[in-house]
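# Examination of the molecular architecture
Each chain is listed here by its residues.
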Amino acid sequence: MVASFRWYIASAVLLFFIGAIFESAEANNDTSEDFDRDLIFWAMKRRIFFLHKTYAYFTDPNQNSNDSTELNKKLLFQSLWNGEIWAIAADYHAKRLYYSDHAGNFIGVYDLKTKEHKKVFQGMAWGIDSLSVDWVSGNVYWTDSNFKWIMVANRNFSHYRNLFSIDSEIPAKVAVDPPDRYIYWTEKREDDCRIWRSSLEGYSHQLLHTFPEVQTISDVAIDFVNHRFYWTERLKERGGISRIRYFGLKTRRDIETIHEVYSTNSSYFFGLASYKNNLYVTDDLRKSMFLIDKNTNEIVQSYDFDYSQIPRGVTVFSKYEQPFSEEDKTHECTKSPCQHICVARYGINQYSCECRTGFRIQSDGRSCRASMIFDNFVLMLDGKHSKIYQMNMGSPIAPQEVEVQNLRMPTSVAYDPNTKLVYWADERTRTVSRADLFGRYQTVLVNESQVYSVALDVESQNMYWVDSERDAMYVSKLDGSYPHMLHVQDLHRVWAMTIDTKRGFLYWSDWGQLSFSGLQSGVISSSRLDGSDKKVIVQSKSTPHGLSLDIEGNVLYWTEIKENAIGWLNLNDQTNGKYKMPSTKKRPFPTGIAYYQNYLYVSDMGSKNLVRVSVHDVMRSKNNTGTTDEVRQFGPQMFYQLSALYVYDSSTFHNGKSPCAESNCPHLCLPVHTSSDVTYKCVCQNHYEYISANNSCVQMASTNDNEAPDFGDTCPDDIKIQTDECSDEAELNFTVPNPTDNSGQPVTLRSFYNMEPPVKLKEGFYTFSYNAMDGSGNRATCTFRVNVVVRNCYSILLKSSTPSEAVLGKPSCGNKVGSLINVTCPEISGIAFQYECQEDSRWAVIGPESCDEEVRAAYTTPIPTTSALSTTFSTVKATTVLKKATTRKPSSRSSTTMTASISPVPRIDDLKTTAMNKGESTTKSIKEPSHAPGTGAKSKTGLIVGLVIALIVLCAVVAAIVVVIKRRKGKGFIPGTNWDRNADRVQLTGASTESGIYLGDTPQELPVFSPASDKLIL
């Protein structure tokens, strides 16, 4: 029966995929397009499957709104990520649809001409609530509820900037009026809601209305033809009434009286769009979309969705709603006169050029350039935003962008004040590069290395970095020449480095190896600048990340991500402590850290801000928790994923005289600080040997060593082990691989896990990997898998030979191999016999399997006693009522109450347990089937279940065929769709997400919008 059931399930799954492929093929064959017709788009969330779908509706612009509107719904695309599409906005003239994912915090665009989807913006935003398009300038505006500002970007999002901040407690909405060159937005304050407007550049703010009685404004829309501004609102009192109102835009200065369109106390309006004489509004509470007549203020059509779908934003794709005058067609912004963003201004061909964030407009009024400074600044990395910013420490208002090329995921930054060059490591490009503050003279210094940390010794003209793939530390000249691997052992996951040039120490944070429990034991280590005298100075139970050093005070500071804390260590007296950062709306996530003038500056990825806290507050006690009054935001809120920091101030920068300044080392000079003196050491690049006699670097004979270490036969094969008896764990023991190298030199061996065999493992698959690296940097890997299998017996114990009057105790260790079950019989003292889970996954009997005294008397093997079992599992006294099974003829023996010693372990499936009243005993019995296993009643039940499943599958196949036939013919209504002619209402259910809907007595098929694929998986 089990096999049959699996076959039915497999058949159903196969038919499902065949149907999906067939429907996908049909969708791809549908190539009809009509982009000049008017479309209504809206966003929809499917709660059950977490699918977020945007639909396109074709409407007839010439049709009377009072008549039944013919619609042909078509799925534009769907996304399978765990997000939530909120806002959508259409650009009819560019044939584009913009949308925002509120959970994923990005803006995407779907090109209706090329049928291509693209994620165009992610960064400097954390809660995109509303979108609006300026079709004259080609710009897109949006609001951000987290950062509380309004932003603008050019059409392809290559340049964007924040216009101004807004004071709103909940998501604000925005609408652009390109014909009159205005931008409107809403704000929700503590006591009221407000509607504002300004020029498209964000200047000349004007408060239009204040609404003390309104709880929230959920969306706004503009009727450009009739010059009206509409919005949806929800009142504080009167039962939470939702309504739609508008005021006329009579002139550029005067605003007409407010008029009410529609109100109800059973809705929560979300999206709003204007189309000719109608308004489209989505209802979050009623799971509906309404079509409201602007003239009669009545609902003329309602589209209801099933409970699993939540309608969100709605927009109109129509030249009627995006009028393009002859002057607009030849507007200067259509010719791209600005380097970054062109904004149309009121008047014929009037415009202004705006620069993206981090740049300033130049004297020509068109070009943009960053205004960099060369002292008293902080460099900040935004990993997700892929930017390096510079901000004035004395005036932290407008960060400037260091405009470098091919920046993907920067992880570390440093600065050389002598050459005024910025150094950075990039995780994605696997490089270390440098350029000046204006992005000029960009050069790649290190290639093909996974570098997370870079530190500079500008006094000695050296650069340090760690290659995380090779677990090796390197030093080179500042230009990347003469790379030399330092002999520093036990490097695992180094995240940050800092140098004390005054005392000659190098510090780094290391996350350490990962244990099987997932716990990490990070460390902070130090060494001399030549790699000698390595020490662990901080043993952490968390993950130390960023590092910063107060050179004059000789205090080391670091961040710990998991503990949301700042750690500190006084290197003079070894006192230390931790400062736990306070939690606000966002959990703190400290990464980068920099010390500057008695303050610590921390990049907090939780709040996405740069914050600062005084050293006095951090070090006031050994362990303390900060307050929001102590940790303050520093600079604007405009970042996405701040990581590393670097602060430079010429007045505090230690730029002493290095002993290497007077050396003549041929390759590299490394300072060596001792307790009594400061000297230097000459070293050569890899594959070269330093000859002190003539102060030269000589190439080694094995310079061309490209041969990787060899594990030989020491790398274990894949291992399969079974758990020990009555255990969830198995002991793994193997010989650690022993690689050798052709050079004869020792090989560095690294393992991802922090363990030495033997080790206890639970059930599952494990991958062990050992990396070997020789002195030339050649690497080899030994990888093997371990499969830990738990040995179990069948959970259901049904033996036809078990006496009906026998009572089974609880297994000593469940269904694992080695588990024992004690069996007792009436009128027999102690344990009658046992069942044992054996290696073949079967329960075997120990002793005479009978309650009959004659049978037991003929049994010659000694029967286990209670005392003999006391060492196997613990026993307790229990009062047990032995009851005869109902499936066998009652025995002449009467039920007897007796005391038995049994094991209190979980019961087996199929054992009947009857709980008695307090003070009574418990009745347990096992039912013996009247037929052999696999036949009789049990087989009949399996047959019936199999037939039922087969019938269900057959019905599903027939239904699928009918649907496909109807879809291919283009006729008929959609399964799962309810149509009420009298109410002029169509109810859409989950089955109608991809098919046409036809209304009226004589349905006629309309042109169907079809992208290259009905379902574009993002």
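Residues numbered from 1 in each chain as written. Predicted model: local features only at pLDDT ≥ 70, side-chain atom pairs only at ≥ 80, totals over all residues. Heavy atoms only, no water.

## Here we look at the overall build of the protein
Threshold: We count a stretch as a helix when DSSP gives it H or I for four or more residues in a row; a strand needs E for two or more, and each element gets its number in order from the N terminus. Classification of residues uses two cut-offs on accessible area relative to the type maximum, computed with a 1.4 Å probe and protein chains only: under 20% is buried, over 50% is exposed, and between them is partly exposed. Note on contacts: a residue pair qualifies if any of its non-hydrogen atoms lie within 4.5 Å across the two residues. Surface accessibility in these figures is a Shrake-Rupley result with a 1.4 Å probe; residues are shielded only by whichever protein chains are displayed.
Along the backbone of the protein there are 6 helices and 74 strands. In the protein, buried positions account for 53% of the 1018 residues. The contacts in the protein between residues at least 6 apart in sequence include a share of 50% that link residues at least 24 apart. When the accessible surface of the protein is summed, it comes to about 46,300 Å², and 49% of that surface belongs to carbon and sulfur atoms.

## So, the packing of aromatic side chains
Definition in use: For Phe, Tyr and Trp, where Trp contributes only its six-membered ring, two rings pair if their centres lie within 6.5 Å, and the inter-plane angle classes them as stacked under 30 degrees, edge-to-face over 60, or tilted in between.
Evaluation of the coordinates by the stated rule reveals 36 aromatic pairs. With a centroid separation of 5.0 Å and an interplanar angle of 35 degrees, the aromatic rings of Tyr230 and Tyr246 are classed as tilted. Here Tyr230, found in strand 17 (residues 228-235), pairs with Tyr246, found in strand 18 (residues 242-248); they are 16 residues apart in sequence, far enough to count as distant. Pair check on accessibility: Tyr230 and Tyr246 agree, each one buried. Taken together, a centroid distance of 6.2 Å and an interplanar angle of 35 degrees make the contact between Phe505 and Tyr507 tilted. By relative accessible area, Tyr507 is classed as buried at 5%. Put simply, the rings of Tyr182, Tyr184, Phe211, Phe229, Trp231 and Phe247 touch in pairs and so form one group of aromatic residues.

## Some words on a positive patch on the surface
Formally: Patch definition: residues above 30% relative accessible area lacking any salt bridge, with like charges linked at up to 9 Å and the nonpolar side chains Val, Leu, Ile, Met, Phe, Trp and Tyr linked at up to 5 Å. Criterion for a salt bridge: a side-chain nitrogen of Lys or Arg within 4 Å of a carboxyl oxygen of Asp or Glu. A residue counts as positive if it is Lys or Arg and as negative if it is Asp or Glu; His and the chain ends are not included. Charge coordinates come from a single atom per side chain, which is NZ of Lys, CZ of Arg, CG of Asp or CD of Glu.
Positive charge collects at one region of the surface, where Lys119, Lys384, Arg408 and Arg428 lie side by side. Mapped onto the elements of the fold, Lys384 is located in the loop between strand 29 (377-382) and strand 30 (387-392).

## What about the sheet that holds strand 30?
Basically, it comes down to this: For two strands to be treated as a pair, DSSP must find at least two bridges joining them.
Across the sheet, which stays open at both edges, the 4 strands sit in the order 31-30-29-53 with antiparallel pairing between neighbours. Edge positions in the sheet fall to strand 31 (400-401) and strand 53 (642-648), since each has one partner strand and no second. With 6 bridges connecting them, strand 29 and strand 30 associate as antiparallel partners. Its bridge partner lying in strand 30, Val378 is registered against Met391.

## Here we look at the pairing of strand 12 (residues 174-177)
Both faces of strand 12 are covered, namely the face carrying Val174 and Val176 and the face carrying Ala175 and Asp177. Two strands pair when backbone bridges link them, and strand 12 and strand 13 (residues 182-188) are joined in this way by 4 bridges, in the antiparallel orientation. Paired with Val174 across the bridge in strand 13 is Trp185. In this structure, the hairpin formed by strand 12 and strand 13 is closed by a connection of 4 residues, where Arg181 is found at a positive phi of approximately 60 degrees.

## Thoughts on a nonpolar patch on the surface
Judged by side-chain polarity, Leu951, Leu954 and Val958 come together as a nonpolar surface patch covering roughly 290 Å² of accessible area. Examined against the element boundaries, Leu954 turns out to sit in helix 6 (residues 937-969).

## A look at the state of the cysteines
Filter applied, for reference: When two cysteine sulfur atoms are found within 2.5 Å, that pair is recorded as a disulfide.
Following the criterion strictly, the structure yields 10 disulfides and no others. Across the disulfide, Cys355 is cross-linked to Cys368 (sulfur-sulfur distance 2.0 Å). Between Cys355 and Cys368, the S-S dihedral sits near -90 degrees, and the bridge is therefore left-handed. You can see Cys355 sitting in the loop between strand 26 (351-354) and strand 27 (360-361) and its partner Cys368 sitting in strand 28 (residues 368-369), a full 13 residues away along the chain. Each sulfur in the disulfide pair Cys793 and Cys837 lies 2.0 Å from the other. Its S-S torsion of approximately 105 degrees makes the covalent link between Cys793 and Cys837 right-handed. With Cys793 in the loop between strand 63 (779-789) and strand 64 (807-808) and Cys837 in strand 67 (residues 833-837), this residue pair connects regions lying 44 residues apart in the sequence. For Cys793, a relative accessible area of 7% gives the class buried. Accessibility expressed as a relative area gives 1% for Cys837, which makes it buried.

## Description of the confidence of the model for the protein
Note the following rule: Confidence scores per residue from the predictor, reported as pLDDT, run from 0 to 100.
Per-residue pLDDT for the protein has a mean of 77; in total, 75% of the residues score no lower than 70. Mean pLDDT per element in the protein: strand 69 (residues 876-882) is the minimum at 28, and strand 33 (residues 421-426) is the maximum at 97. Contacts for the low-pLDDT stretch residues 1-8, under 50 throughout, to residues beyond four places or in other chains number 6 contacts. Counting contacts from residues 865-940, a segment whose pLDDT is below 50, to residues more than four positions away or on other chains yields 137 contacts.

## A few points about the environment of His545
Here His545 shows up in strand 44 (residues 544-550). Its relative accessible area of 15% is what places His545 among the buried residues. Each C-alpha atom of the pair His545 and Val494 lies 8.5 Å from the other, and the pair is 51 residues apart in sequence. Setting aside residues no more than four positions away along its own chain, His545 makes contact with Trp495, Ala496, Ser509, Trp511, Thr559, Ile561 and Thr591.

## Some points on unusual backbone geometry
Even without glycine at this site, Arg181 takes up a positive phi of about 60 degrees. Structurally, Arg181 can be placed in the loop between strand 12 and strand 13.

## What about the pattern of salt bridges?
Under the counting rule described, the total for this entry stands at 32 salt bridges. Residues Glu187 and Arg189 are paired through a salt bridge, measuring 2.9 Å at the closest nitrogen-oxygen approach. Here Glu187 falls in the buried class, since its relative accessible area comes to 6%. A residue is classified by how much of its surface remains accessible, and Arg189, at 22% relative accessible area, is partly exposed. The closest approach of N and O atoms between Asp724 and Lys760, which form a salt bridge, is 3.4 Å. Of this pair, Asp724 sits in the loop between strand 58 (719-722) and strand 59 (729-732) while Lys760 sits in strand 61 (residues 759-762), and the two are 36 residues apart along the sequence. Counted as one network, the salt bridges with shared partners bring together Glu213, Glu233, Arg243, Arg245 and Glu260.

## Some words on the environment of Leu506
In this fold, Leu506 is placed in strand 41 (residues 505-510). Sequence separation between Leu506 and Leu529 is 23 residues; the distance between their C-alpha atoms is 5.8 Å. Each residue touching Leu506, except ones within four places of it in the same chain, is listed here: Tyr464, Met473, Met497, Thr498, Ile499, Ser525, Ser526, Ser527, Arg528 and Leu529.

## Here's the deal with the pairing of strand 22 (residues 288-293)
Of all 6 residues that make up strand 22, 6 are buried, and the element is covered over most of its length. In strand 22, alternate side chains face the same way, and those of Ser288, Phe290 and Ile292 on one face and Met289, Leu291 and Asp293 on the other are all buried. Two elements, strand 21 (residues 278-283) and strand 22, share 6 bridges in a ladder whose sense is antiparallel. By the bridge assignment, Leu279 is partnered in strand 22 with Ile292. Two successive antiparallel strands, strand 21 and strand 22, enclose a turn made up of 4 residues, where Lys287 displays a positive phi of approximately 55 degrees. Taking the residues that link successive antiparallel strands as the turn, the strand 22-strand 23 (residues 299-305) hairpin has 5 residues, and the phi of Asn297 there is positive, at about 60 degrees.

## Here we look at the sheet that holds strand 48 (residues 590-596)
Taken together, 4 strands build an open sheet; the order of strands is 48-49-50-52 and the sheet is antiparallel. Each edge of the open sheet carries a strand with a single partner, namely strand 48 and strand 52 (632-633). As judged from the 5 bridges shared by strand 48 and strand 49 (residues 599-604), these two strands associate in the antiparallel manner. Directly across from Ala594, in strand 49, lies its bridge partner Tyr601.

## Here's the deal with the side chain of Asn778
Just so we agree on the cut-off: Nitrogen and oxygen atoms within 3.5 Å of one another constitute a polar contact, given that in protein one can donate a hydrogen and the other can accept it, and given that sequence-neighbouring residues count only through two side-chain atoms.
Of note, Asn778 is situated in the loop between strand 62 (764-773) and strand 63. On the accessibility criterion, Asn778 (13% relative accessible area) is buried. A polar side-chain atom of Asn778 sits 3.3 Å from the main-chain carbonyl oxygen of Glu707. Aside from chain neighbours lying at most four places away, what touches Asn778 is Asp705, Asn706, Glu707, Ala708, Pro709, Ala772 and Met773.

## Remarks on the nonpolar core
Operational definition: Joining through side-chain atoms within 4.5 Å is the link that ties buried Ala, Val, Leu, Ile, Met, Phe, Trp, Tyr and Cys residues into a set, and such a set is a nonpolar core.
In this structure, Leu379, Tyr415, Tyr423, Val454, Leu456 and Met463 are the most contacted members of the largest nonpolar core, which totals 39 residues. The dominant element in this core, judged by the number of residues it contributes, is strand 33, at 5 residues. With 33 residues, the next largest nonpolar core counts Phe157, Tyr389, Phe639 and Leu642 among its residues.

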